[in-house]
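What follows is each chain in one-letter form.
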Amino acid sequence: MTWKFYDITHKYHDILNPSNPEKLDRLISLLKLDADAKVLEIATGKGELITQIIERYGVSGVAVDLSPDHSRDARARFAERIPEANLTFLEMDGAEYQPEKPESFDLTLCLGASWIWNGHHGTLAALKAMTKPGGLIAVGEPFWMEDPDPEFLKRAGYEKETFATHYENVKMGEEFGLNLIYTIVSDHYDWDNYYSLWWYAGEEYIRQNPDDPDLLAFKAWLADAKEQYLRWERDSLGWAIYLFKK
Ligand SMILES: C[S@@+](CC[C@H](N)C(=O)[O-])C[C@H]1O[C@@H](n2cnc3c(N)ncnc32)[C@H](O)[C@@H]1O
């Protein structure tokens, strides 16, 4: 059910996180990868980011995602945009992915899926172990901008400890010996674009699929997500992409 609702609400997203294309383009331009570099993206979503990285640098890589819907979209994107690329796509749980050799990727990424390794700390540990010394690690992670309202935590199923502050997210990387070399922080424009596209796609789906047996559940799920975002999340939760050098 959740995959289905997530698929419906992300119909108009290429990037499934609240970053915008200009900021991501800047990030990609700073990666400065050689053509023989190897890239790993866990939770690739629709595969747009790794596609842009391969289009720009001609690198090889591995992309992983668990959702059957996103895997379908990612495969279609790879076939259309980078058919000649040396890219392996795996539809599997990212937590179970093991590279052939440790410390073998020049760049590892995981944006917006740190639950795979129980949070930001575990994500940094997992990616660090798969990244070459001197390589790059890019993680996308929410952060608290203010103390979260207990009612929001309850409704969203979060603990305060689910996320840290922006500063703490950086410090966790530094404690692993990683050096933060670039960061992108999303603003209200980026967040509003990310979430309001859910509402836009959701409204369209409801109108076009009046006989869907899951419609009532979908409407309730979407209304709850909208309320949570407008009432709390917009002002209390930030989002950043952290680019660390190992
Ligand atoms: C918020 S989206 C981010 C997608 C992509 N990184 C992006 O920023 O466009 C989270 C992604 O994690 C994937 N995912 C969720 N659990 C996963 C798991 N255990 N292993 C691999 N992928 C997972 C979902 O299918 C979804 O594509």
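Residues numbered from 1 in each chain as written. Predicted model: local features only at pLDDT ≥ 70, side-chain atom pairs only at ≥ 80, totals over all residues. Heavy atoms only, no water.

Trainee: Which parts of the structure should I look at to understand the sheet that holds strand S4 (residues 105-111)?
Mentor: Whenever strands of a sheet pair, they do so through backbone hydrogen bonds, lying parallel or antiparallel. Across the sheet, which stays open at both edges, the seven strands sit in the order S3-S2-S1-S4-S5-S7-S6 with mixed pairing between neighbours. Looking at strand neighbours, the two that pair on one side only are strand S3 (87-91) and strand S6 (179-185), the edges of this open sheet. Here the average twist between neighbouring strands, direction ignored, is 15°. Here S4 runs beside strand S5 (residues 131-144); their pairing, made up of six bridges, is parallel. Among the inter-strand pairings, threonine 108 is bridged to a residue of S5, identified as isoleucine 137. (Pairing = 2+ DSSP bridges. Helix = DSSP H or I, 4+ residues; strand = E, 2+ residues; numbered from the N terminus. Axes fitted to C-alpha atoms, helices over the stretch in contact; angles between N-to-C directions.)

Trainee: Help me understand the packing of aromatic side chains in this model?
Mentor: The geometry of two aromatic rings is summed up by the distance between their centres and the angle between their planes. Using the criterion set out here, one finds 21 aromatic pairs in the structure. A ring pair is formed by tryptophan 199 and tyrosine 229, whose centres lie 6.2 Å apart and whose planes are at 55°; its orientation type is tilted. Here tryptophan 199, found in helix H8 (residues 188-208), pairs with tyrosine 229, found in helix H9 (residues 215-236); they are 30 residues apart in sequence, far enough to count as distant. Using a relative accessible area of 1% as the deciding quantity, one classes tyrosine 229 as buried. Look at phenylalanine 218 and tryptophan 221: their rings are 6.1 Å apart centre to centre, the planes differ by 25°, and that puts the pair in the stacked class. Separated by three residues within a single helix, phenylalanine 218 and tryptophan 221 lie in helix H9, roughly one turn from each other. Linked through ring pairs, Phe5, Tyr6, Trp191, Tyr194, Tyr195, Trp198, Trp199, Tyr205, Phe218, Trp221 and Tyr229 together constitute an aromatic cluster. Above the ring of phenylalanine 105, the side-chain terminus of lysine 38 is found at 4.7 Å from the ring centroid. Between the NZ or CZ atom of lysine 226 and the centre of the ring of tryptophan 199, over which it lies, the distance is 5.2 Å. (Phe/Tyr/Trp six-rings, centres within 6.5 Å; stacked < 30°, edge-to-face > 60°. Buried < 20%, exposed > 50% of the residue type's maximum accessible area, 1.4 Å probe, protein only. Lys NZ or Arg CZ within 6 Å of the ring centre and 35° of its normal.)

Trainee: Just checking my understanding: could you explain the side chain of serine 67 for this structure?
Mentor: By secondary structure assignment, the location of serine 67 is in the loop between strand S2 (60-65) and helix H4 (68-81). For serine 67, a relative accessible area of 1% translates into the label buried. Ignoring sequence-local partners within four residues, the contact set of serine 67 consists of Trp3 and Glu91. (Contact = heavy atoms within 4.5 Å.)

Trainee: I tried to follow the nonpolar core on my own but got confused; where do I start?
Mentor: Generally speaking, soluble globular proteins have nonpolar side chains that are buried together. With 42 residues, the main nonpolar core has Leu33 and Ile53 as its most contacted residues. Those residues within four positions of leucine 33 in sequence are excluded, and the remaining contacts are Val39, Ile53, Tyr57, Val59 and Leu107. Counting 26 residues, the second-largest nonpolar core is a separate cluster that includes Ala43, Tyr97, Ile116 and Leu124. (Core = buried A, V, L, I, M, F, W, Y, C linked by side-chain atoms within 4.5 Å.)

Trainee: Sorry if this is basic, but what is going on with unusual backbone geometry here?
Mentor: When glycine is set aside, most residues are seen to have a negative phi, and most peptide bonds are trans. The phi torsion at lysine 32 lies on the positive side, around 45°, for a residue other than glycine. Here lysine 32 lies in the loop between helix H2 (21-31) and strand S1 (38-42). For lysine 32, a relative accessible area of 65% translates into the label exposed. Non-glycine residue glutamate 103 carries a positive phi angle of around 50°.

Trainee: Help me out: how do you make sense of the site of the ligand in this one?
Mentor: Of all residues adjacent to the ligand, which total 21 residues, the nearest are Leu16, Asn17, Ala43, Asp65 and Gly94. One nitrogen or oxygen atom from the main chain of leucine 16 is found 2.7 Å from an oxygen atom belonging to the ligand. For the shell around the ligand, the per-class residue count stands at 11 nonpolar, seven polar and three charged. (Near = heavy atom within 4 Å. Polar contact = N/O pair within 3.5 Å; in protein donor to acceptor, adjacent residues only side chain to side chain. Nonpolar A, V, L, I, M, F, W, Y, C, P; charged D, E, K, R; others polar.)

Trainee: Can you help me understand the pattern of salt bridges in this one?
Mentor: Close approach of charged atoms lets side chains of opposite charge pair. Counted according to the given criterion, the structure contains 23 salt bridges. For aspartate 212, the salt bridge goes to lysine 4, with nearest N and O atoms at 2.9 Å. Taken together, the residues aspartate 212 in the loop between H8 and H9 and lysine 4 in helix H1 (residues 2-9) connect sequence positions 208 residues apart. Exposure remark for lysine 4: the relative accessible area of 27% places this residue in the partly exposed category. When the shortest N-O distance is used, the salt bridge between glutamate 103 and lysine 246 registers 2.7 Å. With glutamate 103 in the loop between S3 and S4 and lysine 246 in the segment after strand S7 (237-245), this residue pair connects regions lying 143 residues apart in the sequence. When its relative accessible area of 39% is taken as the criterion, glutamate 103 is described as partly exposed. Connected through salt bridges with shared partners, the residues Asp14, Glu48, Glu55, Arg77 and Arg81 form a single ionic network. (Salt bridge = Lys/Arg side-chain N within 4 Å of Asp/Glu carboxyl O.)

Trainee: I keep staring at the pairing of S4 and nothing clicks. Help me out?
Mentor: Successive residues of a regular strand alternate their side chains across the two faces of the sheet. Burial analysis of S4 places seven of its seven residues in the buried class, which makes it a mostly covered element. Sheet topology note: the S1/S4 ladder contains three bridges and is parallel. Bridging across to S4, valine 39 finds its partner in leucine 107. Each parallel crossover has a hand, and for S4 linked through helix H5 (residues 120-130) to S5 it is right-handed. (Right-handed = clockwise from strand over helix to strand, strands pointing away.)

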